[in-house]
Amino acid sequence: MQCGADGTTVAPMNAPLPTAAPSPQERAARQDQVVQALLQVLPAQALLWHTEDTTPYECDGLTAYRQRPLAVCLPETEAQVQAVLRTCHRLGVPVVARGTGTGLSGGAMPHAMGVILSLARFNRILAIDPASRTARVQCGVRNLAISEAAAPYGLYYAPDPSSQIACTIGGNIAENSGGVHCLKYGLTVHNVMRVRGFTAEGEEVTFGSEALDAPGYDLLAAVIGSEGMLAVAIEVTVKLVPKPQLARCIMASFDSVRKAGDAVAAVIAAGIIPAGLEMMDKPMTAAVEDYVHAGYDLTAEAILLCESDGTPEEVEEEIGRMSAVLQSAGATALAVSQSEAERMRFWSGRKNAFPASGRISPDYMCMDSTIPRKRLADILLAIQDMEKKYGLRCCNVFHAGDGNLHPLILFDANDADQLHRAEQFGADIMKTSVAFGGAITGEHGVGVEKLASMREQFTDAELQQMEGLKRAFDPQGLLNPGKVIPTPNRCGDMGMMKAVQGALSRA
């Protein structure tokens, strides 16, 4: 968003041309127009527009920022999706695609004068091909459901975000999601072969191919992680990998975050690529242990979870090498899983970090930045200083292997001052991450949460290039406007919630 000299907001440059904020009467008239047009292409039961029906869609997992749409579309066929997009394009109505709403950056927050295109009903697994090790699925299929369907063939889908029991593959495409095993097996972009969907105009488009190459420009990686701004994904072909014969996990305790951070760099420097390498600080381990009783060492200042998978011989050798490196790095205790049940128990704490944090605070803001592995300890110590500066607690959990941070800032959104301090805290983490040679996001996306922080990482010229790509796909700026790409002037101290809602209501 852009802040003027007087503190007022104007629309982000990727939104339709700004107008004055609509009055209730104008909004009602526009809503009636849009609903009547959509009822011509959708059955009545597939369209929601009453307040009590649209309120559940007013936010995603970033619950501090909320906005009701004019209507929510619930299509069941591709023809209906295409018709909705064509209708909205004709009327100049913004469209925000949504899966199950588990995103954490406000990427699925509605537009005040737009519609939500819910794709939750596109939840069929269309084909599992064990010979080519691929699965073809609709965009609303849950991440974990792919692995469940592939299990009888000894295969699974590797990217495993903590929300995998609920998040959809379409949302994973939008945010380029990762998970605890992304170090060895890669992010969504490394595990998807083909995406088929529609442009803002309703034109069918395909990115990538199920073959080794595809004709034309290679735009698959541009669409993955584009946060629903370029096209609406409908069908996805993903890669499957063989289930390892064995997996074991080391839980390593450290008496300082510096030693734990240095241990991560030491493991990678030793030429070891663990299947998973995660880090949690003491406040986080205390929160999850009270919730799931994973057996964590509550005396440690930080713990590492280091997993090895493969053949029994490979796992035994790698566990031995990792144990030696961790001990040399100063580990005060090591526990190695002796059964699959114990391994899953070790991971249960990490997988439940977010809900565990929700038990100890009314609200939390889960940040998402990436830094070089060698700076892990530096950012943790900097965050400890920020806790004192902003007077708020923070629990930390990291995809340590690839330097992807997930600090959870604890606050009460009902207290405007706490919300403001949480926003400042989060912006400070982003700024510090960039100063340490990192990036402002790893897998959660920019959405509305990190609009201002985009200015920390990218120049005006780079942002204009992003805008050029956006306009090439969506000249009218109707797909998810007001997200990701800020204007040349970043906002100052104005609260993000006020600024975002002002910008979206004017777009």
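Read on for a plain summary of the structure. Just so we're clear, the structure is a prediction, and the values are computed from it rather than from any experiment.

Within the protein chain, the secondary structure is distributed over 17 helices and 21 strands. The 507 residues of the protein chain split such that 57% are buried. When contacts within the protein chain are restricted to residue pairs at least 6 apart in sequence, those whose partners lie at least 24 apart make up 73%. When the accessible surface of the protein chain is split by element, carbon and sulfur atoms take 52% of a total near 19,600 Å².

Moving on, we get to the sheet that holds strand 4 (residues 71–73). Note on sheets: strands pair through backbone hydrogen bonds, and any given pair is parallel or antiparallel. As summarised here, the arrangement of the four strands in space is 3-4-6-5, forming an open sheet in which the pairing is mixed. What marks the edges here is a single partner per strand, and that holds for strand 3 (47–48) and strand 5 (95–98). When strand 3 meets strand 4, the two strands line up antiparallel, connected through two bridges. When the sheet's bridge partners are listed, Leu48 is paired in strand 4 with Val72. The sheet strands contacting helix 3 (residues 78–91) are strand 4, strand 5 and strand 6 (115–118), and the helix crosses strand 6 at an angle near 165 degrees.

Attention now goes to the pattern of salt bridges. A complete count under the given rule lists 27 salt bridges for this structure. The shortest N-O distance in the salt bridge between Asp255 and Lys259 comes to 3.1 Å. By relative accessible area, Lys259 is classed as partly exposed at 33%.

Overall, the coordinates contain one cavity of 30 Å³ or more when judged by the stated rule. If you add up the space inside the largest cavity, you get close to 60 Å³. Every residue along the wall of the largest cavity is listed here: Gly61, Leu62, Thr63, Ala64, Leu104, Asp363, Tyr364, Met365, Cys366 and Phe411. Counting residues per element, the lining of the largest cavity draws most heavily on strand 18 (residues 363–366), which supplies four residues. For the lining of the largest cavity, the class distribution of residues is seven nonpolar, two polar and one charged.

Running from N to C, helix 9 (residues 282–292) and helix 12 (residues 353–360) point in directions that differ by 90 degrees, and their axes come no closer than 9 Å. Considering the angle they form, helix 9 stands roughly perpendicular to helix 12. In this structure, helix 9 uses Met284, Ala287, Val288, Asp290 and Tyr291 to contact helix 12, whose residues at the interface are Ala353, Pro355, Ala356, Ser357, Arg359 and Ile360. Across the contact of helix 9 with helix 12, the residue classes tally to eight nonpolar, one polar and two charged.

The next thing to look at is the layout of surface pockets. Counted as a void, the second largest pocket has a volume near 550 Å³. Around the second largest pocket, the lining is made up of 29 residues, and of these Gly225, Ser226, Glu227, Val446 and Val484 lie nearest the centre. Top element by residues in the lining of the second largest pocket is helix 16 (residues 460–473). It accounts for three residues.

For the rest of this paragraph, the subject is the pairing of strand 7 (residues 125–129). Both strand 7 and strand 8 (residues 134–138) contribute to a ladder of four bridges, which runs antiparallel. In the sheet register, Ile128 faces strand 8, and the bridge partner there is Ala135. Between strand 7 and strand 8, which follow one another and run antiparallel, lie four residues, and Arg133 among them has a positive phi close to 55 degrees.

So, on to unusual backbone geometry. Positive phi, normally seen in glycine, also occurs at Glu227, with a value near 60 degrees. Mapped onto the elements of the fold, Glu227 is located in the loop between helix 7 (220–223) and strand 12 (232–239). The backbone phi angle of Asn480 is positive, close to 50 degrees, even though this residue is not glycine. In this structure Asn480 comes out as buried when scored by relative accessible area, which is 3%.

On to helix 12, then. Those residues of helix 12 that fall on the buried side of the exposure criterion are Ala353, Phe354, Ala356 and Ser357. Mapping the buried residues of helix 12 onto a view down its axis gives an arc of 160 degrees, with all of them on the same face. Close packing links the buried residues of helix 12 with helix 9, helix 11 (340–351), strand 18, strand 20 (394–399) and strand 21 (404–411).

Definitions and limits used
Residues numbered from 1 in each chain as written. Predicted model: local features only at pLDDT ≥ 70, side-chain atom pairs only at ≥ 80, totals over all residues. Heavy atoms only, no water. Helix = DSSP H or I, 4+ residues; strand = E, 2+ residues; numbered from the N terminus. Buried < 20%, exposed > 50% of the residue type's maximum accessible area, 1.4 Å probe, protein only. Contact = heavy atoms within 4.5 Å. Areas by Shrake-Rupley, 256 points an atom, 1.4 Å probe, with all protein chains shown as cover. Pairing = 2+ DSSP bridges. Axes fitted to C-alpha atoms, helices over the stretch in contact; angles between N-to-C directions. Salt bridge = Lys/Arg side-chain N within 4 Å of Asp/Glu carboxyl O. 1 Å grid on protein atoms, 1.4 Å probe; cavity = no way out; pocket = protein on both sides within 12 Å on 5 of 7 lines; lining within 4 Å. Points joined across faces, edges and corners; volume = space filled by probe spheres on them. Nonpolar A, V, L, I, M, F, W, Y, C, P; charged D, E, K, R; others polar. Parallel < 35°, antiparallel > 145°, perpendicular 65-115°, else oblique. Arc of directions from axis to C-beta.

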